[in-house]
There are 2 protein chains.
Amino acid sequence: MKKALTAALILVAAISLAACGKLSFDSGSGSSTSGSSKGYTTTGTVDSGMYEGVIQNGRYKTSSARGLQLSTNQQGGNSFNIKSMENGLQDIAKKQFSTSKYVFEEGQLISTSTAKKWLARKSDDSQGLNPKDNGKTGETERNPMYLETMVEQDYMTQSGSDMSLGGVAIALGMNADDYYQKEKYGATYTTHISDADMTTQGKAMAKEVVARVRKMSGVNNDTPIVIALYKLAGSDSLVGGTYFDYVVSKSGTDVADWTPVNQQNEVLPTVDNKKPINKTVSTDFDNFTTNVENFFPTLAGVTAQAHYSDNALTGLNITINTQFYGATELNSFTQYVANAASKYLPSGVKIEITIQSTQGIQAFVSRESSSKDFYTHVFGSY
Amino acid sequence: MKKALTAALILVAAISLAACGKLSFDSGSGSSTSGSSKGYTTTGTVDSGMYEGVIQNGRYKTSSARGLQLSTNQQGGNSFNIKSMENGLQDIAKKQFSTSKYVFEEGQLISTSTAKKWLARKSDDSQGLNPKDNGKTGETERNPMYLETMVEQDYMTQSGSDMSLGGVAIALGMNADDYYQKEKYGATYTTHISDADMTTQGKAMAKEVVARVRKMSGVNNDTPIVIALYKLAGSDSLVGGTYFDYVVSKSGTDVADWTPVNQQNEVLPTVDNKKPINKTVSTDFDNFTTNVENFFPTLAGVTAQAHYSDNALTGLNITINTQFYGATELNSFTQYVANAASKYLPSGVKIEITIQSTQGIQAFVSRESSSKDFYTHVFGSY
C-alpha cells in the first residue's frame, strides 16, 4: 500500500497533454515516457469537463480496493448503484478539484483489506465503522449495518515533472434497506433505515474516516478530503441511488461544513400508479413513447432513468427495445427517434437514447444539456 | 402488393423536412399529416449524406419481402451479410439517386411470395432464376444455387404533395459457396462457385429481373432500375461479403453498361498466417492493439473488420472486449483509446470502436473519414 503510494509520488517525466478541448494530435501526446521505469503519463481527454487519468508504465493505475463494492452484498450487486456512485462522486469532486488542474487516479490509499475492516461491525479490537451486533435479530430491534460500501478517488496535481496527491474524495455508501439473514442460507429480512438515522450515522463515520485518512502516508495536514454520503438504491431498483450530503475537510480533523445535495432518481414510466416526481417530464416522456411506438410495428418497450438535481430534471437515459430485420430500417428509425426526441423531450437536459435488439445495441442518439442538436450513431458492420 | 404500391403513389399532404444538415426543429417537422388516412411524412435526417425514410400514417413502411433473407438458408443467417448488403446497396444507389432529391422506402415491389419464386430453381412452369436440378449430387457435378437472396430498395420523389416511385435498386446476393445436403438432415456439402461463373450467372439474372420489374405496376418505362451483384461471405465469416458489379437500366430492358465494383473485407488480426490485404493497415492495427492491451490489465481482445474500396482502406470497425469494474476506469480507458486511435490508426478513414464487456456495450469512439476529431461516448446510468 505504502509502496504504491510512494511510487505515485515519485518524479515523473514530461506530461504533455493539455486537459482542454479536443484531443491534441501532436506526436508524443499521451505516450508513455521512455527511460524511466516509473514513467507516468496521462490518458488525454476529449472534453474539458473530464479529468485525465494517470497511467504508470503504460498501464492504467487501478484502485487498490478495486471491485470491493461487488463483494460486499446484494446491494453492491446492483450495478446501477456502483456506476452512479462513482460518477456522482466525481461530479461532487469537480466542485473542489478543477478538471484543468487535477488529474484523476483510482483510489490508492484505502486498500481492499483496510476497506473490509472499516465496513465491518465495531468490536473491541476492530476498526469496524458499523455498530456492534446487539445479539437481536428482529427487523426493528437489531443494530443494522449502516455503511455498506466505499469508493475512494484520488486527485493528483502536476508540477513540472512531479505528480503528487492534491486531494482525496471518498463516498460512503449508506443502506436505506439493510438486507440480512437470521441464519446462514436462510430467508432474507430487511431493516429499514430512516433518512435521519442514515444522516446521523454517515456524518459520524465521516469524522472517523477523515481522522484515519489524514494520518495516511502521502496525505498532508492540508490535503483537502471530500466525504460524500450516498443513499444506496434497493437491490431490485432499476436505477441507482443518490447523494444527499458532502463535506470538505480542509485540514486536520475538520469535518464541519456539510453541504446538502438534493438529488432524485426515478424510472419512467412509473408503475403501480406511483406519482411521478415531475408531471410535465412524465407527460413529455409518455408523448415521446407513444409517438415512437406508433412508428414501428415491432417495438418491445421504452423505459427511462430520470435524474433530478435541486428538483430540476438534469438527465434522461432512455432505452428502446426493438427487433429490426434490416440495416435500412434501423437507419430510418434512428433518424425518426432523434426527430421525436427533439420534439417531445424537455430541452436543456442531457439525453441518451439507446436502441437495442436481442443482439445488443443497434444505434444511439444523444444530446448534451447545452446542445440543441442530437448526435446519432447507427452501429455499422462490413 | 398492387394495393400497397397504389397506396404508395397516392397524393400526400405537406412534407416539410429538408434533407440537409442538422435536424430542423420547426414545429411540424417529421410529424404525421393530419386529416388524411393516407398521410405520408418522412423521418427527418441528421446528415445530408443520409436518405429520409417514408412514414405512412405515422408508421414506418416496412418492406414487402421483409425478413426474407433470414429464412433462405445458412448464409442468410450470417447477419454480417445482411447488414453489409443493405448498406452497400444504399451506397451504390446514392450514385444514382441523390439523398437531397430522393426519399428512401423499403422495397414494396417484390413481395415475399414473389421473391421466393424467383429464388427457386427453374422448372417448366416456375419463375425460378436458379438453374434446374440436374439430378446429380456431387460437389462439382450438380447445378448449384447461384442466387441466394435479394434486397429491394425504393427511391421516392416528392413533387408538391405527391410522392411517387423515382427509382428502384435491387441487389442479387450470389453464393461463392453453395451449401447443400444430399439427404434431409444429412451432412452439409459445399459447391464452390468461381467468380467468373458468379458474374456470368448474376448478369444473366439481372437482365431477367429488370424485364420483370419493368412490367410491375408503378414502374415506368424510364424509371431507373439499379441492379447490383453481391458476393456473399461464407457462413463462418466474421465479416460480410462485397459488391462486385452493378448496372443502371435507364429504360426498357436495357441492361448493358456494367460498372465493376472493387471491394474487399477482412478481419484483423489475420489468423493462420494469412497475408493481410494491406501490410501497413495491418501493422497500424497491431500497434494500436498492443498499445491498448498494455494499458489495462483485464483486456480480453481486440478485433476489427476492415473494408477496402478500390484497394484503399475506407473503414475500420474495431471491437474491444474487456471487463471493467468501475465507471471511472471506463472513462479513463475510453479517453485513452481515442488518443491511441488518433495516434496509431490510419487517417482519412471512417473508424468505429466499440468497447464491450459481458454486460454489453460500455462506450464507443468514432471518427468520420472527413474528420480529424474522435467522438467519444461512455454509456451512462443514474
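Further up the page is the structure itself.
For clarity, every value in this text was computed on a predicted model and none was experimentally measured. Residue indices follow the written sequence of each chain, beginning from 1 at its first position. Chains and ligands are labelled sequentially in the order written, the chains with letters from A and the ligands with numbers from 1. Local features are withheld for residues below a pLDDT of 70 in this predicted model, meaning they are given only at 70 or higher, and side-chain atom pairs are given and counted only at 80 or more; totals for whole chains, interfaces and linings count all residues. Each side-chain value is derived from all of the structure's non-hydrogen atoms; neither hydrogens nor water enter the calculation.

**Describing the packing of aromatic side chains**
Between 30 and 60 degrees the pair is tilted, below 30 it is stacked and above 60 it is edge-to-face, where a pair is any two Phe, Tyr or Trp rings, Trp via its six-membered ring, whose centres lie within 6.5 Å. Applying the stated criterion across every chain, the model contains 24 aromatic pairs over all chains. Between Y51 of chain A and Y155 of chain A, the ring centres sit 4.8 Å apart and the planes meet at 55 degrees, which makes this aromatic pair tilted. With Y51 of chain A in the loop between β1 (40-42) and β2 (54-56) and Y155 of chain A in strand β5 (residues 147-159), the pair connects residues that are 104 residues apart, well separated along the chain. Each of the two residues, Y51 of chain A as well as Y155 of chain A, counts as buried. Note on F97 of chain A and Y155 of chain A: the rings are 5.1 Å apart at their centroids and 20 degrees apart in plane angle, and the pair reads as stacked. A residue pair is termed long-range when its members are at least 10 positions apart, and F97 of chain A in the loop between α3 (79-96) and β4 (102-106) and Y155 of chain A in strand β5 qualify at 58 residues. Exposure class is identical for F97 of chain A and Y155 of chain A. Each is buried. Clustering of aromatic rings is evident, with ring pairs tying together F364, Y375 and F379 of chain A together with F364, Y375 and F379 of chain B. We call a charge positioned over a ring when the NZ of a Lys or the CZ of an Arg lies within 6 Å of the ring centre and within 35 degrees of the ring normal. The cationic tip of R212 of chain A hangs over the ring face of W118 of chain A; the distance from NZ or CZ to the ring centre is 5.2 Å. Only DSSP runs of H or I reaching four residues or more are called helices, and only runs of E reaching two or more are called strands; each is numbered from the N terminus. The cut-offs for exposure are 20% and 50% of the maximum accessible area for each residue type, with area from a 1.4 Å probe on protein chains only; residues under the lower value are buried, those over the upper are exposed, and the others partly exposed.

**Observations regarding the interface of chain A and chain B**
Much of the literature gives interface size as the accessible area that the parts lose upon coming together. By the convention used here, residues are in contact when the closest approach between their heavy atoms is within 4.5 Å. Facing the 80 residues of chain A at the interface are 80 residues of chain B. Where chain A abuts chain B, roughly 6,800 Å² becomes buried across the two surfaces, and 54% of that area is made up of carbon and sulfur atoms. Salt bridge, as applied in this entry: a Lys or Arg side-chain nitrogen positioned within 4 Å of an Asp or Glu carboxyl oxygen. Counting the contacts that link chain A with chain B gives 0 salt bridges. Any N or O atom pair separated by 3.5 Å or less is treated as a polar contact, with the protein-specific requirement of one donor-capable and one acceptor-capable atom, and with residues adjacent in sequence counted only for side-chain atom pairs. At the junction of chain A with chain B, the criterion picks out 24 residue pairs in polar contact (both at pLDDT 80 or more). With 11 residues, helix α7 (residues 327-344) of chain A is the single largest residue contributor to the side of chain A that touches chain B. Residues are sorted three ways: Asp, Glu, Lys and Arg are charged, Ala, Val, Leu, Ile, Met, Phe, Trp, Tyr, Cys and Pro are nonpolar, and all the rest, Gly among them, are polar. In terms of residue class, the side of chain A that touches chain B is made up of 28 nonpolar, 38 polar and 14 charged. Throughout, the accessible surface (probe 1.4 Å) given up by two parts as they are put together, summed over both, is called the buried area.

**A short note on the pattern of salt bridges**
What the rule picks out here adds up to 12 salt bridges over all chains. The salt bridge partner of R212 of chain A is E208 of chain A, with a shortest N-O separation of 3.0 Å. Pair noted here: R212 of chain A and E208 of chain A are both in helix α5 (residues 195-214), with a separation of 4 residues, about one helical turn. A salt bridge links D178 of chain B to R142 of chain B; its shortest N-O distance comes to 2.9 Å. Within this pair, whereas D178 of chain B is found in strand β7 (residues 177-181), its partner R142 of chain B is found in the loop between α4 (112-119) and β5 (147-159), the two being separated by 36 residues in sequence. Overall, the relative accessible area of 3% leaves D178 of chain B in the buried class.

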